[in-house]
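# Overview (structure and organization)
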Amino acid sequence: MAFRKGMFKGLYLKVCRPTSAEFADYMKIHGRLHAMGENCRFNPYVNITDPEYVSIGNNVTLSHCNLIGHDGVVGMLNNAYDMKLDSVGKIVIKDNVFVGHGSTVLPNITIGSNVIIAAGAMVNKDVPDGVIVGGVPAKPIGRTEDLANRLKEKTEQLPWAHIINNRTGSFDPSVEQELIAMRVKYFYPD
């Protein structure tokens, strides 16, 4: 019922414990996002304050992060100075983006394609295509393609590389237990 009608979201999260792909599907239907592409993954506890102003491309992963579409200080300023202010903005996340745990994207930001936002980053400026950004405020710290190539070389050296190369997608439940066992044995040899 939660998935079909969008009701009881908290209960859905607690009882069903959706995967990040399942929760992204839920958000695509019930999340009120301006737009959302295909093959996305959202941590069930992602915080999107103003989903109507958020556009998300294809193959986007949102970990436990914050997408903030408004400046919350406006309410206080309106009362303190007897004004009528507004400060909202869109957030555009293009294709092939990972937004790391604890990071925050502020209003009026466009994140280009093939981008990694490091854990804990505070994104207050547009992010160009193909970079890794990190820090507060977020600054370029590398190139996404360079990281992919380094990880490819590292993966080829692992004792379980053959499983990684033969599995279906980036997560394959049929081989997960074997992978965990091999990793534990490798990390903690007796």
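Structural data are supplied above this passage.
Residues numbered from 1 in each chain as written. Predicted model: local features only at pLDDT ≥ 70, side-chain atom pairs only at ≥ 80, totals over all residues. Heavy atoms only, no water.

### Regarding the pairing of strand β13 (residues 131-134)
The condition that has to hold: Exposure categories follow from relative accessible area, calculated using a 1.4 Å probe and restricted to protein chains: below 20% of the type maximum is buried, above 50% is exposed, and the middle band is partly exposed. For helices the rule is a DSSP run of H or I covering at least 4 residues; for strands it is a run of E covering at least 2, with both sets numbered from the N terminus onward. We call two strands paired when DSSP finds no fewer than two bridges between them.
Side chains of β13 alternate between two faces, with V131 and V133 and I132 and G134 buried alike. In the sheet, strand β11 (residues 115-117) pairs with β13 via two bridges, with the strands oriented parallel. Counted as the bridge partner of I116 is I132 from β13. Here β13 pairs with strand β14 (residues 139-143) via four bridges, running antiparallel. Of the residues in β14, the one forming a bridge with I132 is G142. The antiparallel hairpin formed by β13 and β14 contains four residues in its connecting segment, where G135 sits at a positive phi of about 100°.

### Describing the sheet that holds strand β7 (residues 91-93)
Strand order in the open sheet formed by four strands is β1-β4-β7-β10, and the pairing between neighbours is parallel. The open sheet has two edge strands with one neighbour each: β1 (35-36) and β10 (109-111). As defined by bridge partners, β7 adjoins β10 across three bridges and the pair is classed as parallel. In the sheet register, V92 faces β10, and the bridge partner there is T110.

### Side note on the layout of surface pockets
What counts, and what does not: Definitions used for this entry: grid spacing 1 Å over protein atoms alone; cavity, a set of points where a 1.4 Å probe fits but cannot get out; pocket, an open set with protein on both sides within 12 Å along at least 5 of 7 lines; lining residue, one with an atom within 4 Å of a point. Grid points are joined across faces, edges and corners, and a volume is the space filled by probe spheres set on the points. Under the scheme applied, nonpolar residues are Ala, Val, Leu, Ile, Met, Phe, Trp, Tyr, Cys and Pro; charged residues are Asp, Glu, Lys and Arg; polar residues are all the others, including Gly.
Computed from the structure, the largest pocket encloses a volume of approximately 390 Å³. As for the largest pocket, its lining consists of I116, T144, L147, A148, L151, I164, N165, R167 and S170. Of all elements in the fold, only α5 (144-156) and α6 (161-166) reach the threshold of two or more residues within the lining of the largest pocket. Per-element accounting of the lining of the largest pocket gives the leading share, four residues, to α5. In the lining of the largest pocket, the residues fall into five nonpolar, three polar and one charged. The space that makes up the second largest pocket amounts to roughly 290 Å³.

### Some remarks on the environment of V92
Heads up, the condition is: We call two residues contacting when some pair of their heavy atoms lies within 4.5 Å.
For V92, the location among the structural elements is in strand β7. As for V92 and I56, which are separated by 36 residues in sequence, their C-alpha atoms are 6.2 Å apart. The residues contacting V92, other than those within four sequence positions of it, are S55, I109, T110 and I111.

### Notes on helix α7 (residues 173-187)
For clarity, the threshold we go by: Every helix has an expected span of 1.5 Å times one less than the residues it contains.
Compared with the 21 Å implied by 1.5 Å per residue over 15 residues, the 21 Å span of α7 between its first and last C-alpha is a close match. Listed in full, the buried residues belonging to α7 are V175, E176 and L179.

Fair warning: the whole summary comes from geometry, so function is off the table for now.
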